[in-house]
Every structure is written in C-alpha cells, then in structure tokens.
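Read off the chains here:
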Amino acid sequence: MRRTGIRSAAVAVGIAALAVMVPTTTAHAGPNCNGIYKENPTDGNVRAFDYEDCYGEMIAEDTDNDVNWDENGDVYNANDRAGSVMNNGFPDTYDMVAFYQHAHYQGGYACLTRGEKYADNLNQPTDIYPNGLIINNTISSHRWVFDCHWMVT
C-alpha cells in the first residue's frame, strides 16, 4: 500500500531548537487526491484543499515559499483551513515541503515528500504535530526544504 501520510516534527524552544521527524500515515489512499496528483505530477506546486481527499476549494497552489497563509501573497485566506495537502514539487529542487503550524515558519511543522505525494486526510489521529495537535485546519505557512532535520533558532 502506498504511504500517503506526512512526517511530523516540532520545534523545541531554547538556545537552539531541533526538528524531530515522526513518520505517520493516513488510513487510506484518497482516489480524488490520486486523480489530481496524476494530472500534475511534477508541475512544481504545493497544493492544499479545504477538505479531505482533496475535495472542496483548492486553497493553496504555490511554487515558492509562503510565510503567512492569511496575508496577501501567493497563498491568501488559507490560514488554518487545510484538510488535505499535496506535493507536486520538482525532483531534487522542490522535493520536500514543510507545513508550519503558525505563520513565519513557527510552531510545529510537518513535512511531505514528493514520494509521499499527498496526505489525503489530515484529521487522522496519526497526523499530529509532536505537541499532540492534529494537523487538520492548523497550517499557516509553508516552505520548500531539502531536509527535515535542521537546527532552528
């Protein structure tokens, strides 16, 4: 069975913060997400949708980083709304995207690789930030990353 979950991580506060990745999976592979992914396998976009299985409004479709999903920019009025997310990034360049709990890349974060393609239901008990908060409807910013193990200050 294909993995459609996201890897979760949290930012620890102190002199330096260390991101720790925790693998998670969703319960099933969403047929609607799968169809949308196949239409745009490597167009360079990260996408987010209002509801699970990529239904509802596509609230984000972006090729670069976005520091705040609630301010004017490429992603606008999408703060705390995502029920499913998708990574259609470019191989090697945009391989992994980190979704952050708060604007300005703050709070817990969860990474999604191109290989995982999409997380079709962010309301699963396994799709949580390490602080215990379920990822569903809590994403406020995103950026493309090369690794999910780095020091954050």
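The following paragraphs examine the structure supplied in this document. From a predicted model like this one, the values you see are computed outputs, not experimental measurements.

**Looking at the packing of aromatic side chains**
Scanning all chains against the criterion turns up 5 aromatic pairs. With centroids separated by 4.9 Å and ring planes inclined at 55°, the aromatic side chains of Tyr94 and Trp144 adopt a geometry described as tilted. With Tyr94 in the loop between strand 5 (84-88) and strand 6 (96-102) and Trp144 in strand 9 (residues 141-145), the pair connects residues that are 50 residues apart, well separated along the chain. Linked through ring pairs, Phe90, Tyr94 and Trp144 together constitute an aromatic cluster. Sitting over the ring of Tyr105, Arg143 keeps its end group 4.3 Å from the ring centre.

**Let's talk about the sheet that holds strand 8 (residues 118-119)**
Backbone-to-backbone hydrogen bonds pair the strands of a sheet. The strands run either parallel or antiparallel. Ordered by their spatial adjacency, 4 strands build an open sheet running 4-3-5-8, and the pairing between neighbours is antiparallel. The sheet terminates laterally at strand 4 (58-62) and strand 8, the two strands that pair on one side only. Bridging between strand 3 (residues 45-49) and strand 4 involves 4 bridges; their strand directions are antiparallel. Opposite Ala48, over in strand 4, you have Ala60 as the bridge partner. In the packing of helix 1 (residues 31-39) onto the sheet, contacts are made with strand 3, strand 5 and strand 8, and the angle to strand 5 comes to roughly 25°.

Cut-offs applied
- Residues numbered from 1 in each chain as written.
- Predicted model: local features only at pLDDT ≥ 70, side-chain atom pairs only at ≥ 80, totals over all residues.
- Heavy atoms only, no water.
- Phe/Tyr/Trp six-rings, centres within 6.5 Å; stacked < 30°, edge-to-face > 60°.
- Helix = DSSP H or I, 4+ residues; strand = E, 2+ residues; numbered from the N terminus.
- Lys NZ or Arg CZ within 6 Å of the ring centre and 35° of its normal.
- Pairing = 2+ DSSP bridges.
- Contact = heavy atoms within 4.5 Å.
- Axes fitted to C-alpha atoms, helices over the stretch in contact; angles between N-to-C directions.

Scope: geometric values only; no functional claims are made or implied.
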